[in-house]
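Remarks on the overall topology
These are the residues of each chain, in order.
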Amino acid sequence: MKGKPTSTSRAPGEPRSIGYLYVLPALAVYGLFLLYPFGQAVGLSFLHWDGLTRATSAGLDNYTALFTDPTLRAPFGHALILLVFYAALPVVIGLLLAATMSRIRVRGLTFFRTVLFLPQVLAMVVVGVAWRSILAPDGLLNDALRAVGLDGLARPWLGDDTWALPAVGVVGTWVMTGLCMVLFLAGAQRIPRELYEAARLDGAGAVREFFAVTLPGLRGEISVALTLTIIAGLRNFDLIYITTGGGPGNATSVPAYEVYHRAFELNEVGSAAAIGVALTVLIFALTVTVSRLVEGRRA
Amino acid sequence: MSSRFTRRSVLAAALAVGAASCTPGTDGSGAVTGDTAPGGGNGIPDPKKAGNVTLHVWDQEVRGGTNAEIEQLNKEFQHTYPNVTIKRVSRSFDDLKTTLKLALSGNNPPDVVQANQGYPDMVAFVEAGLLTPLDNYAGIYEWNTRYPATLLNLNRVSVAEPGASRRFGTGRLYGISQTGEFVGLYYNKKVLKQAGVQPPRTWAEFTDSLAELKKADELPIQFGNLDKWPAIHTFGMLQDQQGAAQARDTVLGRGDGFVTSRTTKAATTLTDWLDRGYLPKDANGLGYDDANKKFMAGQGAYTITGTWMLADLKKRLGDDLGIMPPPPATEGGKPATTGGQGLAWSVTSRSAHPEVAAAYLDFITSEHAADVMTRNGVLPAVPGKAADALDPKSPDGQMVDAWRQLTSADGLVPYLDYATPTFYDTSSAALQDLIAGKASPRNFARKLQSDYAPFIKKQQGKASSGASDS
């Protein structure tokens, strides 16, 4: 026997005010620890404040400085370059690895998968300290180069003006590739076998198969991977802090490092807050773009 | 300040960032202003009469020797005054620096804190009225005669005259330091001997020995600058060779700045040493700790760094280690180098027990305290009897001897990064560029001046710009 419809004529599953009650605790925590401090940061970004004495109003000064001051513009430029290493390369390499691993039967596959994923498990501080010694003037990398007679290529990687940023970037690639690969491997298992069979019947080779079946099938995973890696790349702080401290000169300073540096080392809290807000906006914009472009849906 | 940079702790930084996001006030916290706060009583206060007191002390003495010395002194102080309990919070320099600001402006500031000299910390705290002036206590406890004026002045901040900003290095006393430190010339006796080189007595002998060491296929000076700040000390020493008094005046905001032949000459010497291979040319890619490790392993005849490294270097090199002030121009002449004293121990303006805090400050800087420091391998600002008893040929004995030479010759020049609130940043980046060959000595000097000149101008003419500094 069917129950009488409730007095409201809403269909089941329609939002009901009682629903808000369920999310209220989470919302309260979110509001208290995320939205409220963020609002404060926005407020601070309109002030000149040294963290101690009375603040004075700055208007839009801290924000216009982001465009006019080259020492503030540069970190954002560096962050975008780092995205190539943190996001683009890991996704490409991860796709290649996943395609290879799902197609060819590799002996000890679990072993390789674990090894490639391992950097994800390590704390960034550990990663930074380890790579700092690998990239040292007489570290592992330079020793290896010298051992094979490539002495001319050996250089103080983290202290070299041109190479410091790519060197830090490579560490990022090393960390993020495993994550992408694992995501893609999981996604590839979800693609129906029939599609591959159909492709092969149509005479597609490995490359064609990759572009026609694997890649479209992994759209969702690619979007997730890009979102995660882009965020990781833009909020990169620990690696820079440990390896170069923004140097040589300011060649590897990035926005997240600059936030810390200005707030705690230069006593320019307003400017630090403005960078933080700008970084948040940038991350938001990029992730929305990614989910629209790659996933093809409105975020 | 940069001397005390230790390996940075990301965790603490992250915590500090988290804490900062919750700071509600931006109003300077309404503390009493330093200028009107009383400086203390008249007779020597007796902490025993203060009733039960808990003294909250924040310091940055986390290294082996200094930590042991403070722990012992704290224990003794509590033993002498059973009614006083000391609650100690000890953090590395970096961690203290990032959290102290929040703690001081909060509702429950500690009673005694270690504040770094210079504009970013001590002057900023005084400007916000967070520290108590200690001039009266300095009179009562005779700190004025205990310490050489050069050292005591580093802990002074001027009262802001109408229209001007506060200045560091003159004015009221806001702290007292326990330890001394200077950037010295360390040498490995074994390496020098192998190359047939005597420890130099003059600057010329020193530079000659660099060429000889190079010829003997030894690295003359071990040096790593990946951490950015070590070059400040190396360059500071070179600049002090060109005139210590002028260098000091510049740091204290009354000199002729950095576009001078002295600065360019010092910078040229640095690049020249790099070109000749006296310093490792990959210095920008080598960490400070790694360079010190190499020096301990016998790679490098000399290294130029502070006395805070002595205990560590001695552990590996033993009596092969030697330390001296940079050799003067003529034998027996006056040496000069970058140096000063440890972070100032200051009393906060909202401490409920300033007299007990002052008695504590006196206790940890007393003659007895100096002996405790010496026994723990720490250089006291004013060496005592235990220092006299050291073997003058041992590294510790040499260090104390060098310190006495430097203080009696007035040869200590404050750290360059005290010069302006942003000078650590500017000078360390500029030095990396200089070492990388990206900037010429002349451009390097201009870069320093571009930070220095506007700050000094602002210091002198704040009123005319009409900015409020309420």
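As the structure is a computational prediction, the values presented were derived from the model and not from experiment. (Residues numbered from 1 in each chain as written. Chains lettered and ligands numbered in written order. Predicted model: local features only at pLDDT ≥ 70, side-chain atom pairs only at ≥ 80, totals over all residues. Heavy atoms only, no water.)

**Examining the overall build of chain A**
Broken down by element type, chain A carries 13 helices and two strands. Radius of gyration (C-alpha) of chain A: 24 Å, far over the 19 Å computed for a compact globule of 299 residues. Overall, chain A is about 70 × 70 × 30 Å in size when its C-alpha atoms are taken along their principal axes. Burial statistics for chain A: of 299 residues in total, 44% are counted as buried. Counting contacts in chain A only where the partners sit at least 6 residues apart, residues at least 24 apart contribute 65% of the total. (Helix = DSSP H or I, 4+ residues; strand = E, 2+ residues; numbered from the N terminus. Rg over C-alpha atoms; globule rule 2.2 N^0.38 Å. Buried < 20%, exposed > 50% of the residue type's maximum accessible area, 1.4 Å probe, protein only. Contact = heavy atoms within 4.5 Å.)

**Examining the packing of helix 2 (residues 64-80) of chain B against helix 16 (residues 367-375) of chain B**
Residue and element names in this part refer to chain B. The geometry of helix 2 relative to helix 16 is characterised by a closest axis approach of 9 Å and an angle of 145° between their N-to-C directions. As helix 2 runs across helix 16, the sense of the crossing is right-handed. The segment helix 2 lies against helix 16, with Glu69, Gln72, Leu73 and Glu76 engaging His368, Ala369, Val372 and Met373. Grouping the constituent residues of the contact of helix 2 with helix 16 by class yields four nonpolar, two polar and two charged. (Axes fitted to C-alpha atoms, helices over the stretch in contact; angles between N-to-C directions. Left-handed = near helix turned anticlockwise from the far one by under 90°. Nonpolar A, V, L, I, M, F, W, Y, C, P; charged D, E, K, R; others polar.)

**Focus: the sheet that holds strand 2 (residues 84-90) of chain B**
Residue and element names in this part refer to chain B. Read across the open sheet, the five strands follow the order 2-1-3-12-6; overall the sheet is mixed. The sheet terminates laterally at strand 2 and strand 6 (176-177), the two strands that pair on one side only. Across two bridges, the pairing between strand 1 (residues 53-59) and strand 3 (residues 112-115) is parallel. Directly across from Val57, in strand 3, lies its bridge partner Val112. (Pairing = 2+ DSSP bridges.)

**Things to note about helix 18 (residues 395-408) of chain B**
Given a rise of 1.5 Å per residue, 14 residues ought to cover 20 Å, and the 20 Å separating the end C-alpha atoms of helix 18 of chain B matches this to within 8%. For helix 18 of chain B, the set of buried residues is Pro395, Asp396, Gly397, Gln398, Met399, Val400, Ala402, Trp403 and Leu406 of chain B. (Expected span 1.5 Å × (residues − 1).)

**A short note on the nonpolar core**
Of all hydrophobic cores here, the largest spans 127 residues; its most connected members are Leu55, Trp143, Phe182, Trp273, Tyr302, Tyr360 and Leu361 of chain B. Sort the elements by how many residues they give to this core and helix 15 (residues 354-364) of chain B lands first, with eight residues. Counting residues in hydrophobic clusters, the runner-up holds 57 residues, among them Trp131, Val168, Ile191 and Leu234 of chain A. (Core = buried A, V, L, I, M, F, W, Y, C linked by side-chain atoms within 4.5 Å.)

**Notes on the pattern of salt bridges**
Residue and element names in this part refer to chain B. For the structure on display, the rule yields 28 salt bridges over all chains. With a closest N to O distance of 3.1 Å, Asp121 and Lys97 form a salt bridge. Here Asp121 is found in helix 4 (residues 119-127), whereas its partner Lys97 is found in helix 3 (residues 93-105), with 24 residues between them in sequence. A salt bridge links Asp290 to Lys293, with the shortest nitrogen-to-oxygen separation between them at 3.8 Å. One end of the pair, Asp290, and the other, Lys293, are both in helix 13 (residues 288-296), three residues apart, so they sit about a helical turn from each other. The class for Asp290 is partly exposed, based on a relative accessible area of 25%. Its relative accessible area of 51% is what places Lys293 among the exposed residues. (Salt bridge = Lys/Arg side-chain N within 4 Å of Asp/Glu carboxyl O.)

**Quick word on the confidence of the model for chain B**
Parts of the model with low pLDDT should not have their predicted coordinates read in detail. Residues and elements named next belong to chain B. Per-residue pLDDT for chain B averages 86, and the proportion of residues at 70 or more is 89%. Least confident of the elements in chain B is helix 1 (residues 10-20), whose mean pLDDT is 35; most confident is strand 8 (residues 221-222), at 97. Counting contacts from residues 1-41, a segment whose pLDDT is below 50, to residues more than four positions away or on other chains yields 114 contacts. Per-residue pLDDT stays below 50 along residues 463-470; that stretch engages in six contacts with residues further than four places along the chain or on separate chains. Taken over the whole predicted complex, pTM reads 0.83, whereas the ipTM for its chain interfaces reads 0.79. (pLDDT = per-residue confidence, 0-100.)

**As for the packing of helix 3 (residues 70-103) of chain A against helix 13 (residues 269-293) of chain A**
All names here are of chain A. Where helix 3 contacts helix 13, the two axes come as close as 12 Å, and the packing angle between them is 30°. Relative to helix 13, the element helix 3 is oriented roughly parallel. Crossing of helix 3 over helix 13 shows right-handed handedness. Contacts between helix 3 and helix 13 pair Leu72, Phe76 and Leu83 from the former with Ile275, Ala278, Leu279, Leu282 and Leu286 from the latter. (Parallel < 35°, antiparallel > 145°, perpendicular 65-115°, else oblique.)

**A short note on helix 4 of chain B**
Residues and elements named next belong to chain B. Of all the nine residues making up helix 4, eight are buried; the element is thus mostly covered by neighbouring parts of the structure. Those residues of helix 4 that sit buried are Tyr119, Pro120, Asp121, Met122, Val123, Ala124, Phe125 and Val126. Two residues or fewer after helix 4 comes Gly129, characterised by a positive phi angle close to 70°.

**Some points on the side chain of Lys101 of chain B**
Structurally, Lys101 of chain B is set in helix 3. Engagement of the side chain of Lys101 of chain B in a polar contact is seen with the backbone oxygen of Ala263 of chain A, the distance being 3.2 Å. With near-sequence residues (within four places) excluded, Lys101 of chain B lies in contact with Asp50, Gly51, Leu52, Ala263 and Asn267 of chain A together with Phe125 of chain B. (Polar contact = N/O pair within 3.5 Å; in protein donor to acceptor, adjacent residues only side chain to side chain.)

**Remarks on unusual backbone geometry**
The omega angle of the peptide bond from Gly247 of chain A to Pro248 of chain A is -5°, so this bond is cis rather than trans. When you line up the elements, Pro248 of chain A lands in the loop between helix 11 (238-243) and helix 12 (255-265). With a phi close to 70°, Asp217 of chain B is a non-glycine residue in the positive phi region. Mapped onto the elements of the fold, Asp217 of chain B is located in the loop between helix 9 (203-215) and strand 8. A positive phi angle, close to 55°, is found at Asp410 of chain B, a residue other than glycine. Secondary-structure assignment places Asp410 of chain B in the loop between helix 18 and strand 13 (412-413). By relative accessible area, Asp410 of chain B is classed as partly exposed at 37%.

**Details of the pairing of strand 7 (residues 180-188) of chain B**
Residue and element names in this part refer to chain B. Counted residue by residue, strand 7 has nine buried out of nine residues, so it is predominantly covered. By the alternation rule, side chains of strand 7 split into Gly180, Phe182, Gly184, Tyr186 and Asn188 and Glu181, Val183, Leu185 and Tyr187, which are all buried. Examined bridge by bridge, strand 7 and strand 11 (residues 337-341) share three bridges and lie antiparallel to one another. Counted as the bridge partner of Phe182 is Gly339 from strand 11. Of the strand pairs in this sheet, strand 7 and strand 9 (residues 302-306) are connected by five bridges, and their pairing is antiparallel. Residue pairing across strands places Tyr187 opposite Tyr302, the latter belonging to strand 9. Where strand 7 meets strand 10 (residues 321-324), four bridges bridge the pair, whose relative direction is antiparallel. Considered in strand 10, the bridge of Asn188 is made with Leu321.

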